[in-house]
Amino acid sequence: MPIYEYHCSDCGKDFEILVFKSDEKVTCPECKSEKVERLLSGFAHKCDGPMVSSSGGGCSSCSGGSCSSCH
Ligand SMILES: [Zn+2]
């Protein structure tokens with residue numbers, strides 16, 4: 001299941017939500033606004049640092065064996 005980052009247009013808060021359905025309505029946990037934007041940087045923060053494997057190019061968060069989709 002993908003975790004998406006969102007940015008609230010009302011209060012400016014950035015937050016992450018586990019999205020079960022792509023059309024699921026997302027609201028800001030701070031102000032309950034529905035004016036949120038999905039950010040594209042989904043998994044990036046989990047793939048930085050020394051967790052990257054030296055053998056395959058994937059990291060612990062990239063089950064597919066490639067970091068190309070998470071950097
Ligand atoms: Zn908000």
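Computed from a predicted model, the values in this text were never measured in an experiment. (Residues numbered from 1 in each chain as written. Predicted model: local features only at pLDDT ≥ 70, side-chain atom pairs only at ≥ 80, totals over all residues. Heavy atoms only, no water.)

Asks: Explain the overall build of the protein to me, please; I cannot follow it from the model alone.
Replies: Scanning the protein from terminus to terminus reveals 0 helices and 3 strands. In the protein, the order of α-helices and β-strands from amino to carboxyl end is β-β-β. Expressed as a percentage of the 71 residues in the protein, the buried residues total 23%. (Helix = DSSP H or I, 4+ residues; strand = E, 2+ residues; numbered from the N terminus. Buried < 20%, exposed > 50% of the residue type's maximum accessible area, 1.4 Å probe, protein only.)

Asks: What exactly am I supposed to notice about the packing of aromatic side chains here?
Replies: The relative placement of two aromatic rings is captured by the distance of their centres and the angle of their planes. Inspection of every chain in the model, using the stated rule, returns 1 aromatic pair. Judged by centre distance (5.9 Å) and plane angle (15 degrees), the ring pair of Tyr6 and Phe15 falls under stacked. The residues Tyr6 and Phe15 share a single accessibility class, namely buried. Sitting over the ring of Tyr4, Arg38 keeps its end group 3.9 Å from the ring centre. (Phe/Tyr/Trp six-rings, centres within 6.5 Å; stacked < 30°, edge-to-face > 60°. Lys NZ or Arg CZ within 6 Å of the ring centre and 35° of its normal.)

Asks: Would you explain the environment of Ser9 in this entry?
Replies: Looking at where Ser9 falls in the secondary structure, it is placed in the loop between strand S1 (3–8) and strand S2 (14–18). Ser9 gets classed as partly exposed once you look at its relative accessible area, which sits at 42%. Each C-alpha atom, one on Ser9 and one on Glu37, is 7.2 Å from the other, the two residues being 28 residues apart in sequence. Filtering out sequence-adjacent residues up to four positions away, Ser9 remains in contact with Lys35 and Glu37. (Contact = heavy atoms within 4.5 Å.)

Asks: Explain the pattern of salt bridges to me, please; I cannot follow it from the model alone.
Replies: Between side chains of opposite charge, a pair can form as their charged atoms come close. Applying the stated rule across the entire model yields 2 salt bridges. Close ionic contact of Lys35 with Asp10 constitutes a salt bridge, the shortest N to O distance being 3.3 Å. Here Asp10 lies in the loop between S1 and S2 and Lys35 lies in the loop between S2 and strand S3 (36–38), a separation of 25 residues in the sequence. On the accessibility criterion, Asp10 (45% relative accessible area) is partly exposed. One salt bridge connects Glu34 with Lys25, and the closest N-O pair in it is separated by 3.8 Å. We classify Lys25 as exposed; its relative accessible area is 61%. (Salt bridge = Lys/Arg side-chain N within 4 Å of Asp/Glu carboxyl O.)

Asks: How should the coordination of the zinc ion be read in this particular structure?
Replies: Around a metal, the idealised angle for a tetrahedral arrangement of four donor atoms is 109.5 degrees; for an octahedral arrangement of six donor atoms it is 90 or 180 degrees. Bound to the zinc ion are the protein donor atoms Cys8 (SG), Cys11 (SG), Cys28 (SG) and Cys31 (SG), situated 2.2 to 2.3 Å from the metal. Between the 4 donor atoms coordinating the zinc ion, the angles at the centre fall across 106 to 119 degrees, so the site counts as tetrahedral. Summarised as a motif, the one-chain spacing of the donors to the zinc ion is C-x2-C-x16-C-x2-C. Here Cys31 falls in the partly exposed class, since its relative accessible area comes to 36%. (Donors = N, O, S within 2.8 Å, 3.2 Å for Na, K, Ca; no water. Tetrahedral: all angles 85-135°; square planar, octahedral: opposite > 155°, others 65-115°.)

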